[in-house]
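Listed below, chain by chain, are the residues.
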Amino acid sequence: MSDILTRLPSVQPDAPVQAAHDRVYRGLRQQIMHGELPPGHALTLRGIGKSFGVSMTPAREAVRRLSAEGALTMSGSGRVTTPELSNDRIEELAQIRALLEPELGSRALRRAHLALIDRMDAINEANARAVNRQDPISYIRTNLEFHRTLYLRAQSPAILGLLETVWLQLGPTMRELYTRLRRTTPPPHHRHILEALRAGDDAALRLAIRTDVTQGLKHLQG
């Protein structure tokens, strides 16, 4: 009997369907996180499927996952939109960032090296170029890349995973912030982060990160 059981094929998920679902999920997740979709933007399964060249099934699964992460909202009628955040929600997410990001930066400081700082410096220059071009999507993308590059050195995947969920919920709102501010110069706090890394100053690094991640969101309130 045991020989028969060992010869039975194991049930595996449909690989092409799973691959299509992952591709839609990752692609749509990136669009939301980088602010490519504004707050309150309506989506349809048919439209998502057409955009990614897939059937309704992987589109539905991607929407389900993103809704669970707070990146999309679904009404009782099934209408799917990007989140429109209240002031209270913005404040809550800003407080979460202010707790998680300085901690990740502090943990990363112990493993920071010159190559990391040089890489972050290059990303910051790309961020400044995005400001000069008035390119909100590139600005948000390079801003998150700057922070993620540092936080990956913390080797704390659980904390980083929580933080990326917060970034995901804030993506459309960050685009609104950029449009409202009409920024013409890059934020100064990245330079302060780099200076603290070079000095190995944990307190200064925590302060620079906390200021950077909370100051901008205040402009969306009131």
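Notes on the structure in this doc start here.

Each value, and the rule that gives it
- Residues numbered from 1 in each chain as written.
- Predicted model: local features only at pLDDT ≥ 70, side-chain atom pairs only at ≥ 80, totals over all residues.
- Heavy atoms only, no water.
- Buried < 20%, exposed > 50% of the residue type's maximum accessible area, 1.4 Å probe, protein only.
- Helix = DSSP H or I, 4+ residues; strand = E, 2+ residues; numbered from the N terminus.
- Salt bridge = Lys/Arg side-chain N within 4 Å of Asp/Glu carboxyl O.
- Pairing = 2+ DSSP bridges.
- Core = buried A, V, L, I, M, F, W, Y, C linked by side-chain atoms within 4.5 Å.
- Domains from an automatic or database assignment.
- Contact = heavy atoms within 4.5 Å.

## Some points on unusual backbone geometry
Point 1. For Gln134, which is not glycine, the phi torsion reads 55 degrees and is therefore positive.
Point 2. A relative accessible area of 39% places Gln134 in the partly exposed class.
Point 3. The backbone of Gln155 shows a phi angle near 55 degrees, a positive value even though the residue is not glycine.
Point 4. With respect to the element layout, Gln155 can be found in the loop between helix H7 (136-151) and helix H8 (157-181).
Point 5. Classification of Gln155 by relative accessible area gives exposed; the value is 53%.

## As for the pattern of salt bridges
Point 1. Per the stated rule, a full pass over the model turns up 14 salt bridges.
Point 2. Salt bridges sharing common partners tie together Arg29, Glu69, Arg148 and Glu164.

## Let's talk about the sheet that holds strand E2 (residues 73-74)
Point 1. Here we have three strands laid out as an open sheet, ordered E1-E3-E2, and antiparallel in their pairing. Both edges of this open sheet fall to strand E1 (42-43) and E2, since each of them pairs with a single strand only.
Point 2. Of the pairings in the sheet, the one linking E2 to strand E3 (residues 80-81) comprises two bridges and is antiparallel in character. Counterpart to Thr73 in the pairing with E3 is Thr81.

## Observations concerning the nonpolar core
Point 1. Counting residues in each nonpolar core, the largest one holds 54 residues, and the members touching the most others are Leu150 and Ile193.
Point 2. Ranked by the residues each element gives to this core, the list is headed by H8, at ten residues.
Point 3. Formed jointly, this core draws a minimum of three residues from each of two domains, domain 1 (2-81) and domain 2 (87-218).
Point 4. Discounting residues that sit within four places of it in the chain, Leu150 has contacts with Gly105, Ala108, Leu116, Met120, Ile193, Leu197 and Ile209.

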